[in-house]
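One-letter residues, chain by chain:
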Amino acid sequence: MRRTSVAHLFEANRNILQMRHVAGSLDTQLVVPDNRVWAADLVGHLNLIHPNRLQIIGEAELAWARRQSHDKLGRYLADIISASPPGVIVADDAAVPDVLRQICEQAKVPVMASPHEAARVIDVLRGYLARKLAERVSLHGVFMDVLGIGVLITGESGAGKSELALELISRGHGLVADDVVEISRVASSVLEGRCPEMLKDYLEVRGLGILNIRTIFGETACRRKMKLKLIAHLQRRNPGPEDALRLPLDEEETQDILGVSVRRVILPVAAGRNLSVLLEAAVRNTILKLRGIDSTQEFVNRQRDLLDRDQDPYDG
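Scope of this entry: the structure provided in the associated data block. (Residues numbered from 1 in each chain as written. Predicted model: local features only at pLDDT ≥ 70, side-chain atom pairs only at ≥ 80, totals over all residues. Heavy atoms only, no water.)

Once that is clear, we can look at the overall build of the protein. A tally of helices and strands in the protein yields nine helices and 16 strands. Computed over C-alpha atoms, the radius of gyration of the protein comes to 27 Å, more than 25% over the 20 Å expected from 2.2 N^0.38 for 316 residues, which places it beyond the range of a compact globule. Projected onto its principal axes, the C-alpha coordinates of the protein cover approximately 85 × 60 × 30 Å. Per-residue burial over the protein gives 43% buried out of 316 residues. Long-range contacts, defined here as pairs at least 24 residues apart, represent 71% of the contacts in the protein between residues at least 6 apart. Here the protein has roughly 17,700 Å² of accessible surface; of this, 49% comes from carbon and sulfur atoms. For the protein, the distance from the average position of its 41 positive side-chain charges to the average position of its 42 negative side-chain charges is 4 Å. (Helix = DSSP H or I, 4+ residues; strand = E, 2+ residues; numbered from the N terminus. Rg over C-alpha atoms; globule rule 2.2 N^0.38 Å. Buried < 20%, exposed > 50% of the residue type's maximum accessible area, 1.4 Å probe, protein only. Contact = heavy atoms within 4.5 Å. Areas by Shrake-Rupley, 256 points an atom, 1.4 Å probe, with all protein chains shown as cover. Lys, Arg positive; Asp, Glu negative; His and termini not counted. Charge placed at Lys NZ, Arg CZ, Asp CG, Glu CD.)

This brings us to the packing of helix α6 (residues 161-170) against helix α8 (residues 275-290). In a packed pair of helices, the relevant descriptors are the angle between the two axes and the axis-to-axis distance. Contact pair α6 / α8: the axes reach a minimum separation of 9 Å and the direction vectors enclose 75 degrees. With respect to their mutual orientation, α6 and α8 come out roughly perpendicular. Seen from α6, the contacting residues are Leu 164, Glu 167 and Leu 168; seen from α8, they are Leu 275, Ser 276, Leu 279 and Glu 280. In terms of residue class, the contact of α6 with α8 is built from four nonpolar, one polar and two charged. (Axes fitted to C-alpha atoms, helices over the stretch in contact; angles between N-to-C directions. Parallel < 35°, antiparallel > 145°, perpendicular 65-115°, else oblique. Nonpolar A, V, L, I, M, F, W, Y, C, P; charged D, E, K, R; others polar.)

Quick look at the environment of Ala 187 now. Within the secondary structure, Ala 187 is located in strand β10 (residues 174-187). Overall, the relative accessible area of 27% leaves Ala 187 in the partly exposed class. When the C-alpha atoms of Ala 187 and His 173 are compared, they prove to be 26 Å apart, with 14 residues separating the residues in sequence.

Within helix α2 (residues 59-66) the residues assigned to the buried category are Glu 61, Leu 62 and Ala 65. Buried residues of α2 fall within an arc of 95 degrees about the axis and therefore sit on the same side. Opposite the buried face of α2, at more than 90 degrees from it, the exposed residues are Ala 60 and Arg 66. Contacts from the buried residues of α2 go to β4 (43-45), β5 (54-57), α3 (70-82) and β6 (87-90). (Arc of directions from axis to C-beta.)

Attention now moves to the packing of α3 against helix α4 (residues 98-107). Close contact between α3 and α4 brings their axes to 10 Å; oriented N to C, the two are set at 35 degrees. Both α3 and α4 take part in a crossing whose hand is right-handed. In this structure, α3 uses Leu 73, Gly 74, Leu 77, Ala 78 and Ile 81 to contact α4, whose residues at the interface are Val 99, Leu 100, Ile 103, Cys 104 and Ala 107. Looking at the contact of α3 with α4 residue by residue, the classes come out as nine nonpolar, one polar and no charged. (Left-handed = near helix turned anticlockwise from the far one by under 90°.)

This is the structure in structure tokens:
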């Protein structure tokens, strides 16, 4: 179960949404009961179907309320507030109705107000809660931005992860995190990687020690976050059954992280191999696959077509 307080949400978004506290206590909690519920679903327009949401009231809801009798409106609001929502936000720079203020004061439900449009308030708070209450896991490796793709470089200690990262940085790519990568599931199939505050901008390279990448290579050499799209695993050559296949024809390898399948490639480490070029090629191939272009499958299909025509593939 993941949770945060409305007070924290209010303080974190007070400036961007110009929010003010109108009534009630901010000590209520926003709770994600299980992994089947997304944190972003804890915010929405005023309704009875999802009473546990942070209820957003805009001009459209207030216009409807003005057309109702005082008794009907009181019953409707009482039904919503009796479900103990974590809070109510009146948006669109609208005046907070006295009946709403009174009912929320009695129920100790916080009421806030914002001059921004209801849709913007919902978008901002959903993005905040998606990051704040996301499922998280810490992984060991180096997280890089390579050609706009988030790549997690993994491998055993001494496999050359940091050296490969340094080479990629010198080729114009960006560092997100070294050693510890914080991965968050911010949507059903979206993983976002960040660096712990303590390690931000630093890269440890054997023989050189700890390097401040931002200071050495400049501001453009570091990234704040990236979406994880590819895992590149460095593996020492081990001739035999466990050696990486030269041409894997089965389904592409993936790794499950927080319930999301991430593409995974194995880069054999051996003397004389230019791993940075190989990794860039793997990223370019991943970009093609994301666009629906699979080079290996195209080659297999070409070979199959030639065999079906009973044609010698070496015949002009």
